[in-house]
Amino acid sequence: MPALWIAHVTVTDEEAYGKYAALAGPAIAKHGGHFIARAGRYVQLEGKDRPRNVVAKFPSVEAAEGCYNSPEYQEALSHARGASERELLVVETTE
């Protein structure tokens, strides 16, 4: 079943986070993911407000986890650590 990778982010260092974004996109694509929402307009109804929200769709939870644990994504993530506050989850979908 497909899965959604959902990230809620507050960027604290634009330059470093830009390096993350440049590397993360290709890593996500390499593992079958594609963006369906990326830093677009949003309405915060509950919980902690994070001004950057990203949703990518993967073929499966396993594909999303494989992407996260891949050397390519971990290299990207090394630029996001210390440059952002983030929550990231993967949820299986019914479609």
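Quick caveat: nothing in here was measured; it's all calculated off a predicted structure. (Residues numbered from 1 in each chain as written. Predicted model: local features only at pLDDT ≥ 70, side-chain atom pairs only at ≥ 80, totals over all residues. Heavy atoms only, no water.)

**Some thoughts on the overall build of the protein**
Line of reasoning, step 1. Regarding its fold elements, the protein presents three helices and four strands.
Line of reasoning, step 2. The helix and strand sequence of the protein, counted from the amino end, reads β-α-β-β-α-α-β.
Line of reasoning, step 3. Relative to the globule expectation of 12 Å for 95 residues, the C-alpha radius of gyration of the protein, 13 Å, shows essentially globular dimensions.
Line of reasoning, step 4. Projected onto its principal axes, the C-alpha coordinates of the protein cover approximately 35 × 35 × 15 Å.
Line of reasoning, step 5. Residues counted as buried form 36% of the 95 residues belonging to the protein.
Line of reasoning, step 6. Considering only intrachain contacts with a sequence separation of at least 6, the fraction spanning at least 24 residues in the protein is 75%.
Line of reasoning, step 7. Total accessible area on the protein is roughly 5,700 Å²; 54% of this is exposed by carbon and sulfur atoms.
Line of reasoning, step 8. Positive and negative side-chain charges of the protein, numbering 10 and 13 respectively, have mean locations separated by a distance of 4 Å. (Helix = DSSP H or I, 4+ residues; strand = E, 2+ residues; numbered from the N terminus. Rg over C-alpha atoms; globule rule 2.2 N^0.38 Å. Buried < 20%, exposed > 50% of the residue type's maximum accessible area, 1.4 Å probe, protein only. Contact = heavy atoms within 4.5 Å. Areas by Shrake-Rupley, 256 points an atom, 1.4 Å probe, with all protein chains shown as cover. Lys, Arg positive; Asp, Glu negative; His and termini not counted. Charge placed at Lys NZ, Arg CZ, Asp CG, Glu CD.)

**A few points about the sheet that holds strand β1 (residues 3-11)**
Line of reasoning, step 1. One open sheet accounts for four strands, arranged β2-β3-β1-β4; its pairing is antiparallel. Each edge of the open sheet is held by one strand with a lone partner, namely β2 (34-38) and β4 (84-92). On average, adjacent strands in this sheet sit at an angle of 20° to one another, irrespective of strand direction.
Line of reasoning, step 2. Across four bridges, the pairing between β2 and strand β3 (residues 52-58) is antiparallel. Bridged to H34 within β3 is K57. (Pairing = 2+ DSSP bridges. Axes fitted to C-alpha atoms, helices over the stretch in contact; angles between N-to-C directions.)

**Regarding the packing of aromatic side chains**
Line of reasoning, step 1. According to the stated counting rule, one finds six aromatic pairs in the structure shown.
Line of reasoning, step 2. For the pair W5 and Y68, a centre-to-centre distance of 6.3 Å together with 55° between the ring planes defines the contact as tilted. Of this pair, W5 sits in strand β1 while Y68 is found in helix α2 (residues 61-69), placing the two residues 63 residues apart along the sequence.
Line of reasoning, step 3. Overall, W5 belongs to the buried group, its relative accessible area being 3%.
Line of reasoning, step 4. Chaining the aromatic ring pairs together yields one cluster made of W5, Y17, Y20, F58, Y68 and Y73.
Line of reasoning, step 5. Sitting over the ring of F35, R38 keeps its end group 3.9 Å from the ring centre. (Phe/Tyr/Trp six-rings, centres within 6.5 Å; stacked < 30°, edge-to-face > 60°. Lys NZ or Arg CZ within 6 Å of the ring centre and 35° of its normal.)

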